[in-house]
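# Coordinate analysis (summary)
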Amino acid sequence: MKHYILGLSFLLLTACSKNDTINNCNYLLNVGVNLTVNLNLPQFSQLQFTSNSVYVGNQGNGGVIITNVGSGLRAWDASDPNHQPNSCSIMTINGANAECGCADANEYSLFTGQSLGTQLPCGLKEYRVEAIGNNSYLVTN
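Residues numbered from 1 in each chain as written. Predicted model: local features only at pLDDT ≥ 70, side-chain atom pairs only at ≥ 80, totals over all residues. Heavy atoms only, no water.

A word on unusual backbone geometry. Leaving glycine aside, a negative phi is the common case for residues, and trans is the common case for peptide bonds. Of note in this structure, Ser51 is not a glycine but carries a positive phi near 75°. For Ser51, the position within the fold is in the loop between strand S1 (34-38) and strand S2 (53-56). Of note in the backbone geometry, Asn58 takes a positive phi value of approximately 60° without being a glycine. By the secondary structure assignment, Asn58 is in the loop between S2 and strand S3 (64-68). Accessibility expressed as a relative area gives 82% for Asn58, which makes it exposed. (Helix = DSSP H or I, 4+ residues; strand = E, 2+ residues; numbered from the N terminus. Buried < 20%, exposed > 50% of the residue type's maximum accessible area, 1.4 Å probe, protein only.)

Here it is as structure tokens:
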């Protein structure tokens, strides 16, 4: 009976296929993010209106982009997940989108985190946003 269970376990473990998409999304590190956003402060006041975004440096892999999506705030890592981190992989805000500065100019929706135009294996890395009071939010991972 032991041999039967051992053989079945071995078969199940070796029969599973690998997901290459997950392996291709290993460029970004799981860097700690702990950011308080107060919409009453001038640097975050734009976030009181739908589709406005703010970039905050020195957080995550390449900074954090916070966007008002109408139903609340969403926060994304500002480093392109389809590039190894370098000077051109830090994204800039262009309306409701984020654009990579590298030659391929990857573009992502700041509402969904998905790539626009060319289908890319990785979407933007999202961080948790939690309301912590009147007009204040905590962005963490």
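Text resumes after the structure shown.
Turning our eyes to something else, we now look at the confidence of the model for the protein. Confidence along the protein averages 88 in pLDDT terms, with 83% of residues attaining 70 or more. Taken as a whole, residues 17-22 scores under 50 in pLDDT and shows one contact with residues more than four places along the chain or in a different chain. (pLDDT = per-residue confidence, 0-100. Contact = heavy atoms within 4.5 Å.)

Within this structure, the stated rule accounts for two disulfides. A disulfide bridge connects Cys25 with Cys122, and the sulfur atoms are separated by 1.9 Å. Looking down the S-S bond of the Cys25 and Cys122 bridge, the torsion is -110°, so its handedness is left-handed. Of this pair, Cys25 sits in the loop between helix H2 (20-24) and S1 while Cys122 sits in the loop between strand S8 (115-116) and strand S9 (126-133), and the two are 97 residues apart along the sequence. By relative accessible area, which is 3% here, Cys122 ends up buried. The disulfide bridge from Cys88 ends at Cys102, spanning 2.0 Å between sulfur atoms. Residues Cys88 and Cys102 share a disulfide whose torsion about the S-S bond is about 85°; that sign makes it right-handed. Within this pair, whereas Cys88 is found in the loop between strand S4 (73-77) and strand S5 (92-94), its partner Cys102 is found in the loop between strand S6 (97-99) and strand S7 (107-109), the two being separated by 14 residues in sequence. (Disulfide = S-S within 2.5 Å.)

Attention now moves to the sheet that holds strand S10 (residues 136-140). If you walk across this open sheet you meet the six strands as S1-S10-S9-S4-S3-S2, and the pairing is antiparallel. Each edge of the open sheet carries a strand with a single partner, namely S1 and S2. For this sheet, the mean inter-axis angle between neighbouring strands, taken without regard to orientation, is 25°. Note that S3 and S4 share five bridges and pair antiparallel. Looking at S4, one finds that Val64 is bridged to Asp77. (Pairing = 2+ DSSP bridges. Axes fitted to C-alpha atoms, helices over the stretch in contact; angles between N-to-C directions.)

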